[in-house]
Amino acid sequence: MATMRVVAKPEAALMKAVQISKAGGDFEMVEREIPTPGTGQVRIKVQACGVCHSDVFVKEGLWPGIEYPRIPGHEVAGVIDDLGAEVTGWKKGQRVGVGWYGGRDNTCLECRRGRFLYCRNGKVAGISYDGGYQEYMVAPVDALAAIPDTLSDAEAGPLLCAGVTTFNALRHSGASPGDLVAVQGIGGLGHLGIQFGNKFGYKVAAIGRGSEDSLLAKKLGASVYIDSQSSNAVEELQKLGGAQAILATAPDSKAMSGLIDGLAPTGKLVVVGISSDPIGVTPLQLIVGERGLQGSAVGTPTDSEDTMKFAELTGVRPMIETYPLERAAEAYVRMMSGKAHLRAVLTM
Ligand SMILES: [Zn+2]
Ligand SMILES: [Zn+2]
């Protein structure tokens with residue numbers, strides 16, 4: 001029997017990915033070609049990716065200019081498995097993460113000033129390009145954070161967004177060890193904020209709704225639990241001398257507005273929870289005591305490295321529930337319902 005000689009066209013290797021193909025569309029499990037890293041990029045074999053509330057920007061098409069189909073995910077932990085051209089300082093096999101901060105242009109005024117967080121043409125992982133809801137992801141080296149050995153992938157994921165957000169907000173809040181710092185909201189952000197605040201040496205007052213989160217808040221390191229439903233949070237904070245910082249994590253502008261009078265003189269309300277409603281404050285509320293209102297925006301990859309190193313040092317960990325990639329839709333619904341205890345993470 002004659003042997004047939006077929007010159008096989010090399011078939012591209014395929015991988016599993018979860019994409020959104022239009023604004024408001026469903027999570028679709030698809031097969032895609034494994035991507036190839038370009039100049040200044042690496043390919044990451046994704047091991048875990050956190051499911052973040054900000055994935056709503058992709059799911060619902062709320063980010064200006066977002067293009068579809070798009071693979072969400074900006075709490076990515078994995079291993080570098082291929083290097084593009086001109087990549088130095090990173091090697092194959094190295095554990096890395098990619099958070100919200102997805103890269104910079106290195107040419108705008110802010111980059112020239114070294115203020116990379118504010119790059120005018122900054123990219124967002126999982127929005128500007130495909131994120132971590134897939135088995136292999138390509139990312140620019142500007143977006144990479146090294147993951148310390150003792151952190152698992154599933155633990156590192158949430159630290160790259162929720163973690164660095166609360167870590168940076170608190171370390172730049174102006175509060176000093178021993179100061180009273182309030183954390184409003186005991187969810188995906190707040191449960192990390194309480195732990196970081198405690199390890200920074202603050203007296204942490206956790207502000208929640210209802211009595212059921214009291215035990216959890218104490219376990220996470222809060223000295224005081226304030227139930228904003230059964231008590232007046234401002235009065236409770238002022239009884240303790242007023243807060244030097246209030247980390248506002250719950251996406252509720254009305255609740256944030258209602259806490260400003262709980263600040264001590266020179267105290268700051270630091271906003272990280274995202275809501276589209278305005279925050280209400282009178283000039284006198286700010287002028288008397290020279291209080292401040294400040295936003296805080298995640299952080300750069302080196303901020304993420306600081307966050308993870310601090311977590312490694314002090315034992316701060318996200319509380320997570322894990323789902324296989326196939327169940328991304330379920331993990332997202334659970335996260336949006338506020339019932340995930342406390343971060344949902346996809347594992348590959
Ligand atoms: Zn996020
Ligand atoms: Zn720039």
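For the structure, see preceding data.
Presented here is an overview of the structure given in this document.

Analysis parameters
Residues numbered from 1 in each chain as written. Chains lettered and ligands numbered in written order. Predicted model: local features only at pLDDT ≥ 70, side-chain atom pairs only at ≥ 80, totals over all residues. Heavy atoms only, no water. Pairing = 2+ DSSP bridges. Helix = DSSP H or I, 4+ residues; strand = E, 2+ residues; numbered from the N terminus. Axes fitted to C-alpha atoms, helices over the stretch in contact; angles between N-to-C directions. Contact = heavy atoms within 4.5 Å. Donors = N, O, S within 2.8 Å, 3.2 Å for Na, K, Ca; no water. Buried < 20%, exposed > 50% of the residue type's maximum accessible area, 1.4 Å probe, protein only. Phe/Tyr/Trp six-rings, centres within 6.5 Å; stacked < 30°, edge-to-face > 60°. Lys NZ or Arg CZ within 6 Å of the ring centre and 35° of its normal. Tetrahedral: all angles 85-135°; square planar, octahedral: opposite > 155°, others 65-115°. Parallel < 35°, antiparallel > 145°, perpendicular 65-115°, else oblique. Left-handed = near helix turned anticlockwise from the far one by under 90°. Nonpolar A, V, L, I, M, F, W, Y, C, P; charged D, E, K, R; others polar. Core = buried A, V, L, I, M, F, W, Y, C linked by side-chain atoms within 4.5 Å. Polar contact = N/O pair within 3.5 Å; in protein donor to acceptor, adjacent residues only side chain to side chain. 1 Å grid on protein atoms, 1.4 Å probe; cavity = no way out; pocket = protein on both sides within 12 Å on 5 of 7 lines; lining within 4 Å. Points joined across faces, edges and corners; volume = space filled by probe spheres on them. Expected span 1.5 Å × (residues − 1).

Taken together, the six strands give an open sheet; going across it, the order is β12-β11-β10-β13-β14-β15, and neighbouring strands pair in parallel fashion. Edge positions in the sheet fall to β12 (224-227) and β15 (292-295), since each has one partner strand and no second. Ignoring strand direction, the axes of neighbouring strands in this sheet form an average angle of 20°. Two strands pair when backbone bridges link them, and strand β10 (residues 180-184) and strand β11 (residues 203-208) are joined in this way by five bridges, in the parallel orientation. Among the inter-strand pairings, Ala182 is bridged to a residue of β11, identified as Ala205. Lying on the sheet, helix α4 (residues 190-199) is in contact with β10, β11 and β13 (243-248); it crosses β11 at an angle near 165°.

Turning next to the coordination of the zinc ion (ligand 1). By definition of the ideal shapes, a tetrahedral metal site with four donors has angles of 109.5 degrees and an octahedral site with six donors has angles of 90 or 180 degrees. Around the zinc ion (ligand 1), the donor atoms from the protein are Cys52 (SG), His74 (NE2) and Cys161 (SG), and they sit 2.0 to 2.2 Å away. Here the donor residues of the zinc ion (ligand 1) are spaced in sequence according to C-x21-H-x86-C. Within this pair, whereas His74 is found in the loop between α1 (56-59) and β4 (76-83), its partner Cys161 is found in helix α3 (residues 153-171), the two being separated by 87 residues in sequence. Taking relative accessible area as the criterion, Cys161 reaches 6% and is therefore assigned buried.

For the structure on display, the rule yields 12 aromatic pairs. Seen in terms of ring centroids, Trp63 and Trp100 are 5.5 Å apart; in terms of plane orientation they differ by 75°. Their pairing is edge-to-face. Of this pair, Trp63 sits in the loop between α1 and β4 while Trp100 sits in the loop between β5 (95-98) and β6 (101-103), placing them 37 residues apart in sequence. Ring centres of Phe200 and Tyr202 lie 5.7 Å apart, and the angle between their planes is 90°; on these two criteria the pair is classed as edge-to-face. Since its relative accessible area comes to 7%, Tyr202 is described here as buried. Taken together through their ring pairs, the aromatic side chains of Phe167, Phe196, Phe200, Tyr202 and Phe310 make up a single cluster. The side chain of Arg104 reaches across the aromatic face of Phe116, ending 3.8 Å from its centre.

Next up on the list: the coordination of the zinc ion (ligand 2). At this site the zinc ion (ligand 2) is bound by Asp105 (OD), Cys108 (SG), Cys111 (SG) and Cys119 (SG), with donor distances of 2.0 to 2.3 Å. Its four donor atoms give the zinc ion (ligand 2) angles of 97 to 118° at the centre, a pattern that matches the tetrahedral case. Donor residues for the zinc ion (ligand 2), ordered by position in the chain, follow D-x2-C-x2-C-x7-C.

Between two packed helices, the angle of one axis relative to the other and the distance separating the axes together describe the packing. Running from N to C, α3 and α4 point in directions that differ by 45°, and their axes come no closer than 9 Å. Judged by the angle between their axes, α3 and α4 are oblique. Both α3 and α4 take part in a crossing whose hand is right-handed. Packed against α3, whose contacting residues are Leu159, Ala162, Gly163, Thr166, Phe167 and Leu170, the element α4 presents Leu192, Gly193, Phe196 and Gly197 at the interface. Here the contact of α3 with α4 is composed, by residue class, of six nonpolar, four polar and no charged.

Turning to the nonpolar core, a few remarks are in order. The biggest cluster of nonpolar side chains holds 43 residues, and the ones touching the most others in it are Val51, Val98, Tyr133, Met137, Leu144 and Leu346. Per-element accounting of this core gives the leading share, five residues, to strand β3 (residues 41-51). Not counting the four nearest positions on each side in its chain, Met137 is found in contact with Val42, Arg43, Ile44, Val46, Val76, Val98, Ala125, Tyr129, Asp130, Gly131 and Gly132. If you look at the next biggest cluster of nonpolar residues, it comprises 37 residues, including Ala145, Ala175, Leu192 and Ile194.

It is worth spelling out the side chain of Asp142 at this point. Looking at where Asp142 falls in the secondary structure, it is placed in the loop between β8 (136-140) and β9 (144-146). A distance of 3.4 Å separates a polar atom in the side chain of Asp142 from a polar atom in the side chain of Asn106. With residues up to four places along the chain from it excluded, the contact list for Asp142 reads Tyr101, Gly103, Arg104, Asn106 and Pro301.

A few words on the layout of surface pockets. Taken as a whole, the largest pocket holds about 1300 Å³ of empty space. Around the largest pocket sit 48 residues that line it, and Gly187, Leu189, Thr249, Ala250 and Pro251 are the ones nearest its centre. Here the residues of the lining of the largest pocket sort into 24 nonpolar, 18 polar and six charged.

With that settled, consider empty space enclosed by the protein. Counted by the stated rule, this structure contains one cavity of 30 Å³ or more. Looking at the largest cavity, its volume works out to about 40 Å³. As for the largest cavity, its lining consists of Gly99, Trp100, Tyr101, Ala143, Leu160, Val164, Gly299, Thr300, Pro301 and Ser304. Among the secondary structure elements, those contributing two or more residues to the lining of the largest cavity are α3 and α9 (301-314).

As a further point, take α9. Because an α-helix packs 3.6 residues into every turn, residues spaced three or four apart end up facing the same way. The terminal C-alpha atoms of α9 lie 20 Å apart, and with 14 residues this matches the ideal 20 Å at 1.5 Å per residue to within 8%. Those residues of α9 that fall on the buried side of the exposure criterion are Pro301, Asp303, Ser304, Glu305, Thr307, Met308, Phe310 and Ala311. Taken together, the buried residues of α9 touch β6, β9, α3 and α4. Looking at the residues trailing α9, positive phi occurs at Gly315, about 85°.

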